[in-house]
Protein chains: 2
Amino acid sequence: MAHRLIADVVDAGDTAVDATIGNGHDTLFLAGLVGPSGHVIGFDIQEQAIEQTRNRLGEAESVKLHLDSHGNMESYLAGEVKAVMFNLGYLPGGDQKIITVPDSTLSALKTATEHLSIHGVVTIVAYIGHEGGSDEALQVDQWAEALCADHYSVVRYEFTNRKNKAPYLIGIQRLA
Amino acid sequence: MAHRLIADVVDAGDTAVDATIGNGHDTLFLAGLVGPSGHVIGFDIQEQAIEQTRNRLGEAESVKLHLDSHGNMESYLAGEVKAVMFNLGYLPGGDQKIITVPDSTLSALKTATEHLSIHGVVTIVAYIGHEGGSDEALQVDQWAEALCADHYSVVRYEFTNRKNKAPYLIGIQRLA
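These numbers were taken from a predicted model, which means no experiment stands behind them.

**Section: helix α2 (residues 25-34) of chain A**
In an α-helix there are 3.6 residues to a turn, and that puts residues three or four apart on one side.
All names here are of chain A.
Part 1: Taken together, the buried positions of α2 are occupied by D26, T27, L30, A31 and V34. Axial view of α2: buried residues confined to an arc of 140 degrees, hence all on one face.
Part 2: Buried residues along α2 sit against α1 (2-9), β1 (15-18), β2 (39-44), α3 (47-57), β3 (63-67) and β4 (81-87).
Part 3: One or two steps after α2, the chain reaches G35, where phi turns positive at roughly 70 degrees.

Okay, here's the thing in structure tokens:
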């Protein structure tokens, strides 16, 4: 569903951000959408994530991967971006103690929404099964609910008949 | 979004149900998807809704409109259906006192999910701005959350940064 929201708005030549590279799945997806004339900027604080993804991408010059927190995203963005993807929590298959945390996540979300071009989309997949996950998700929810409805549309997609651990998706589109 | 969920699964020749004809918007949409070889079965308790929609449809033999409550849907369904659409609340432009109510809505939802073919989808747009709306929506939510996760996937789509009156969507897909 996150990919669907993103694919609806991202065109060849656009700039898109993977705020949490992780296994690189979203980075590759974004690189495919923006093509060689576009730009993908990725962030992860784990060397493992950057290396794995670099290997997968090959020599895609359109993609820049930064070994840095998404909390510092502001320093790397020059202009508008069409899409920013967040996968909160820990790196699948990695150290489950290394998780995204509310302070840097909220800072990155603020930067992401401010840099969003009109019709641009931010997606956030929030996991609540790990320690700290539900607190982070709650803070993200509250931040998103407070976004001005004249400028942003915020939609929450949630599986309601599963156990509590099912992740949910928040999609934010810039309207004006 | 409801149309998108439905269009993903409904093919020409399928049977689909408009549980709440209202202004006929969804009836026409379903008739277009199933085509002349398919079937659309519609329900509304207001003559006005049936007449307006019959006029819009013209001579589409694939569509049967019933002046009856969706609560009696069971009597009209012979086999499996691929999609069932619900728009709760009152008829736009009609008498705002005539609203869907929990008893018949829940009865219709039960019938709809039981008759759903594998991969089939039920959509429910729940309005909470009118009197009784939020109570009905709550009952629908609780019913949907209790559906067995092995057989049904239940997703709730909700605008979170608008005022309380924004409608939300529940999409139910039969998995097995």
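**Some words on the packing of aromatic side chains**
Residue and element names in this part refer to chain A.
Part 1: Enumeration according to the criterion identifies three aromatic pairs over all chains in this entry.
Part 2: When the ring of F43 is compared with that of Y76, the centres are 5.2 Å apart and the planes differ by 70 degrees; the resulting orientation is edge-to-face. Residue F43 is located in strand β2, and its partner Y76 is located in the loop between β3 and β4; the two are separated by 33 residues in the primary sequence.
Part 3: For F43, a relative accessible area of 0% puts it in the buried group.

**Details of the relation of the copies chain A and chain B**
Part 1: Superposing chain A onto chain B takes a rotation of 180 degrees plus a shift of 0.0 Å along the axis, which leaves an RMSD of 0.0 Å. The superposition of one copy onto the other is thereby described by a two-fold rotation axis. Taking C-alpha positions as reference, the residue of chain A nearest the rotation axis is A:Y157, located at 2.4 Å.
Part 2: Mapped onto chain B, 100% of the interface residues of chain A are again interface residues, and the two copies thus contact each other with one and the same surface.

**Notes on the interface of chain A and chain B**
Part 1: Opposite the 18 residues of chain A that make contact, chain B presents 18 residues.
Part 2: Buried surface at the junction of chain A and chain B, summed over both partners, amounts to about 1,600 Å²; 47% is from carbon and sulfur atoms.
Part 3: Among the residues of chain A in contact with chain B, A:R4, A:T160 and A:N161 are the three that bury the most area, contributing 37% of the side total.
Part 4: Between the two partners, chain A and chain B, sit two salt bridges.
Part 5: Between B:D8 and A:R4 there is a salt bridge, with the nearest N and O atoms lying 2.8 Å from each other.
Part 6: Between the two partners, chain A and chain B, sit twelve residue pairs in polar contact (both at pLDDT 80 or more).
Part 7: Looking at the side of chain A that touches chain B, the elements that each hand over two or more residues are α1, α5 (133-145) and β6 (152-159) of chain A.

Calculation rules
Residues numbered from 1 in each chain as written. Chains lettered and ligands numbered in written order. Predicted model: local features only at pLDDT ≥ 70, side-chain atom pairs only at ≥ 80, totals over all residues. Heavy atoms only, no water. Buried < 20%, exposed > 50% of the residue type's maximum accessible area, 1.4 Å probe, protein only. Helix = DSSP H or I, 4+ residues; strand = E, 2+ residues; numbered from the N terminus. Arc of directions from axis to C-beta. Contact = heavy atoms within 4.5 Å. Phe/Tyr/Trp six-rings, centres within 6.5 Å; stacked < 30°, edge-to-face > 60°. Least-squares fit on C-alpha atoms with pLDDT ≥ 70 in both. Buried area = accessible area lost by both parts, 1.4 Å probe. Salt bridge = Lys/Arg side-chain N within 4 Å of Asp/Glu carboxyl O. Polar contact = N/O pair within 3.5 Å; in protein donor to acceptor, adjacent residues only side chain to side chain.

These values are about where atoms sit, not about what they do.
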